[in-house]
Amino acid sequence: QKEVEQDPGPLSVPEGAIVSLNCTYSNSAFQYFMWYRQYSRKGPELLMYTYSSGNKEDGRFTAQVDKSSKYISLFIRDSQPSDSATYLCAMSLAPSNTGNQFYFGTGTSLTVIP
Amino acid sequence: KAGVTQTPRYLIKTRGQQVTLSCSPISGHRSVSWYQQTPGQGLQFLFEYFSETQRNKGNFPGRFSGRQFSNSRSEMNVSTLELGDSALYLCASNSQGADNEQFFGPGTRLTVL
């Protein structure tokens, strides 16, 4: 079983739709949760960061973490064509002297149609 | 604050050659990780360095190696290149502070012919 599971899509939605992206994970010790946006042929860009459980909102983006279900979500409201990208979820344990490794989903490809 | 920088951005090599990629982390970040990204395999972890020491290593052959310098800059080397090494190589830096955020560079796109 992979540490992090993410539906690869592709996902295609009309402009203005609400988009829901999700990841599940197996390691209950994960404490830090991130969403990255990656445009074609570019490096991933950190979009949202959450520590432990709860919600975090930034403009049109909302990140949710449900540690009891080992499930994280990213919601995009009023989606725009510029949101078309691949979205990667990532998570990590608490950093320690022995290492600080991040675990990534495979990414979900999103296309927002004008 | 400047972001993570990687050089070169593009590289074309032939099978059997070796290549060295460079990464400068965000100022103050001491943890640097390297990843290989391909369409088929996604993002795969290569190794992590902290204060010039390799702390973690992914499941890659010994042809892949790296190092970190005292100024936190890092290099990775791939020897005896194979066609399958064609990929986007990403470097990421992390402050390992209270906010365990990891920031990526733009990547080096390596093509092996």
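The rules behind the values
Each chain has its residues counted from 1, running along the sequence as written. A letter from A marks each chain and a number from 1 marks each ligand, given out in the order of writing. The predicted nature of this model means local features are confined to residues of pLDDT at least 70 and side-chain atom pairs, given and counted, to a pLDDT of 80 or more, with totals for whole chains, interfaces and linings taken over all residues. Side-chain numbers here rest on the full set of heavy atoms in the structure, without hydrogens or water. Strands here are runs of E lasting at least two residues and helices are runs of H or I lasting at least four, both read from the DSSP assignment and numbered beginning at the N terminus. A radius of gyration in this sense is built from C-alpha atoms; the matching globule rule multiplies 2.2 Å by the number of residues raised to 0.38. Three exposure classes are used, based on accessible area relative to the maximum for each residue type with a 1.4 Å probe and protein chains only: buried under 20%, partly exposed in between, and exposed over 50%. Contacts are assigned to residue pairs that have any heavy atoms within 4.5 Å of one another. Defined here as a combined quantity, buried area equals the accessible surface (1.4 Å probe) lost by two parts on assembly, summed across both. Here, a salt bridge means any side-chain nitrogen of Lys or Arg that lies within 4 Å of a carboxyl oxygen of Asp or Glu. Contacts described as polar in this section are N or O atom pairs within 3.5 Å, which, within protein, must combine one atom able to donate a hydrogen with one able to accept it, while residues neighboring in sequence count only if both atoms come from side chains. The nonpolar class holds Ala, Val, Leu, Ile, Met, Phe, Trp, Tyr, Cys and Pro. Asp, Glu, Lys and Arg form the charged class, and all remaining residues, Gly among them, are polar. Here, a strand pair is defined by DSSP locating no fewer than two bridges between the strands. Simply put, an axis is a line fit to the C-alpha atoms, just over the touching stretch for a helix, and the angle between two N-to-C directions goes from 0 to 180 degrees.

Looking only at helices and strands, chain A features zero helices and 11 strands. Secondary structure of chain A in N-to-C order comes out as β-β-β-β-β-β-β-β-β-β-β. Taking 13 Å as the expected radius of gyration for a compact globule of 114 residues, we find that chain A reaches 14 Å, a close match to that expectation. Oriented by its inertia axes, the alpha-carbon framework of chain A measures out at about 45 × 30 × 25 Å. In chain A, which comprises 114 residues, the share counted as buried stands at 44%. A separation of at least 24 residues holds for 56% of the contacts in chain A among residues at least 6 apart in sequence.

Each partner contributes to the interface: chain A provides 22 residues, whereas chain B provides 21 residues. Counting each side, the surface lost to burial between chain A and chain B is near 1800 Å², with a carbon and sulfur contribution of 51%. Summed over the shared surface of chain A and chain B, the result is zero salt bridges. Here chain A is connected to chain B by eight residue pairs in polar contact (both at pLDDT 80 or more). Residue assignment for the side of chain A that touches chain B shows that the elements contributing at least two residues are strand 4 (32-38), strand 5 (45-51), strand 9 (85-92) and strand 10 (102-104) of chain A. A per-element tally of the side of chain A that touches chain B places strand 4 of chain A first, with four residues. Partitioning the side of chain A that touches chain B into residue classes produces 11 nonpolar, nine polar and two charged.

Let us now look at unusual backbone geometry. Note that the residue after A:Gly9, namely A:Pro10, is joined by a cis bond; omega there is 10 degrees. If you trace the backbone, A:Pro10 turns up in the loop between strand 1 (4-6) and strand 2 (11-14). In this structure, B:Pro8 follows B:Thr7 across a cis peptide bond, with omega equal to -10 degrees. Positionally, B:Pro8 belongs in the loop between strand 1 (5-7) and strand 2 (10-13). Positive phi outside glycine occurs at A:Ser52, with the angle close to 65 degrees. Mapped onto the fold, A:Ser52 is located in the loop between strand 5 and strand 6 (54-58). A relative accessible area of 25% places A:Ser52 in the partly exposed class. Phi angles above zero are rare outside glycine, and B:Ser72 is one such case at about 75 degrees. On the basis of relative accessibility, which here comes to 12%, the residue B:Ser72 falls in the buried class.

Residues and elements named next belong to chain A. A sheet is described by the order of its strands in space; here five strands give the open sequence 1-3-8-7-6, paired in antiparallel fashion. Both outer strands of the open sheet, strand 1 and strand 6, are each paired with one neighbouring strand and no more. With direction set aside, neighbouring strand axes in the sheet form an average angle of 15 degrees. Of the strand pairs in this sheet, strand 7 (residues 61-66) and strand 8 (residues 71-76) are connected by six bridges, and their pairing is antiparallel. Looking at strand 8, one finds that Asp66 is bridged to Tyr71.

Attention shifts here to the pairing of strand 6 of chain A. Residues and elements named next belong to chain A. Note: strand 6 against strand 7, five bridges, orientation antiparallel. The partner of Lys56 across the bridge, within strand 7, is Ala63. Where strand 6 folds back onto strand 7 in an antiparallel hairpin, the turn is made up of two residues, including Gly59, whose phi is positive at roughly 65 degrees.

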